[in-house]
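Residue-level structural notes
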Amino acid sequence: MAKPMTKAQLVAALAEETGADKKSAGAALDALTAIISREVTGGGAVTLPGVGKIYCRERPERMVRNPATGEQIKKEADKVVKMTIAKALKDSVNG
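Residues numbered from 1 in each chain as written. Predicted model: local features only at pLDDT ≥ 70, side-chain atom pairs only at ≥ 80, totals over all residues. Heavy atoms only, no water.

**Observations concerning the overall build of the chain**
For the chain, the helix and strand inventory stands at three helices and five strands. Taking 2.2 N^0.38 as the reference for a compact globule, 95 residues should give roughly 12 Å; the C-alpha atoms of the chain span a radius of gyration of 18 Å, well beyond that estimate. With the C-alpha coordinates aligned to their principal axes, the bounding extent of the chain is approximately 55 × 35 × 25 Å. The proportion of buried residues among the 95 residues of the chain is 13%. Long-range pairs, those at least 24 residues apart, make up 30% of the contacts in the chain with a sequence separation of at least 6. As displayed, the chain has an accessible area near 7,500 Å², and 58% of this comes from carbon and sulfur atoms. Between the averaged position of the 16 positive side-chain charges in the chain and that of its 11 negative side-chain charges there is a distance of 3 Å. (Helix = DSSP H or I, 4+ residues; strand = E, 2+ residues; numbered from the N terminus. Rg over C-alpha atoms; globule rule 2.2 N^0.38 Å. Buried < 20%, exposed > 50% of the residue type's maximum accessible area, 1.4 Å probe, protein only. Contact = heavy atoms within 4.5 Å. Areas by Shrake-Rupley, 256 points an atom, 1.4 Å probe, with all protein chains shown as cover. Lys, Arg positive; Asp, Glu negative; His and termini not counted. Charge placed at Lys NZ, Arg CZ, Asp CG, Glu CD.)

Structure, rendered in structure tokens:
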């Protein structure tokens, strides 16, 4: 399996794809990250066309097991960020 693309590589690829310079591409990527974070933190969702949907889901209070000791403990309700992958991306990966 190949290593994940780094931010610098992503910025360089974005700059090349759009014809912008790396500074502008980096600013665009940072802005996109900030928008997604703000929207999901506020309980909303963001759909990236052709990629997927990023959203926050609340998990109820539940019992979990400590794998080291086997002890059952109560875990408080929390939130988790999820992503649903777009069908177009799944289809392109599977040929």
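**Some details on the packing of helix H1 (residues 7–18) against helix H2 (residues 22–41)**
Two elements in contact, H1 and H2, have axes whose closest approach is 8 Å; the angle formed by their N-to-C orientations is 115°. Comparing their axes, H2 and H1 come out roughly perpendicular. The two elements H1 and H2 meet at a crossing, and its hand is right-handed. Along the contact surface, H1 presents Lys7, Leu10, Val11, Ala12, Leu14 and Ala15, while H2 presents Lys22, Ala25, Gly26, Leu29 and Asp30. Along the lines of polarity and charge, the residues of the contact of H1 with H2 split into seven nonpolar, one polar and three charged. (Axes fitted to C-alpha atoms, helices over the stretch in contact; angles between N-to-C directions. Parallel < 35°, antiparallel > 145°, perpendicular 65-115°, else oblique. Left-handed = near helix turned anticlockwise from the far one by under 90°. Nonpolar A, V, L, I, M, F, W, Y, C, P; charged D, E, K, R; others polar.)

**Remarks on the sheet that holds strand E2 (residues 52–59)**
With antiparallel pairing, the three strands of this open sheet are ordered in space as E1-E2-E5. In this open sheet, the two edge strands, each paired with only one partner strand, are strand E1 (45–48) and strand E5 (78–85). Neighbouring strand axes in the sheet, compared pairwise and without regard to direction, differ in orientation by 25° on average. Along the sheet, H2 makes contact with E1, E2 and E5, crossing E1 at roughly 140°. (Pairing = 2+ DSSP bridges.)

**Digging into the layout of surface pockets**
Empty space within the largest pocket amounts to approximately 160 Å³. Forming the boundary of the largest pocket are Leu10, Ala13, Leu14, Glu17, Leu29, Leu32, Thr33 and Ile36. When contributions to the lining of the largest pocket are tallied by element, the ones reaching two or more residues are H1 and H2. Of the residues contributing to the lining of the largest pocket, the split by class is six nonpolar, one polar and one charged. (1 Å grid on protein atoms, 1.4 Å probe; cavity = no way out; pocket = protein on both sides within 12 Å on 5 of 7 lines; lining within 4 Å. Points joined across faces, edges and corners; volume = space filled by probe spheres on them.)

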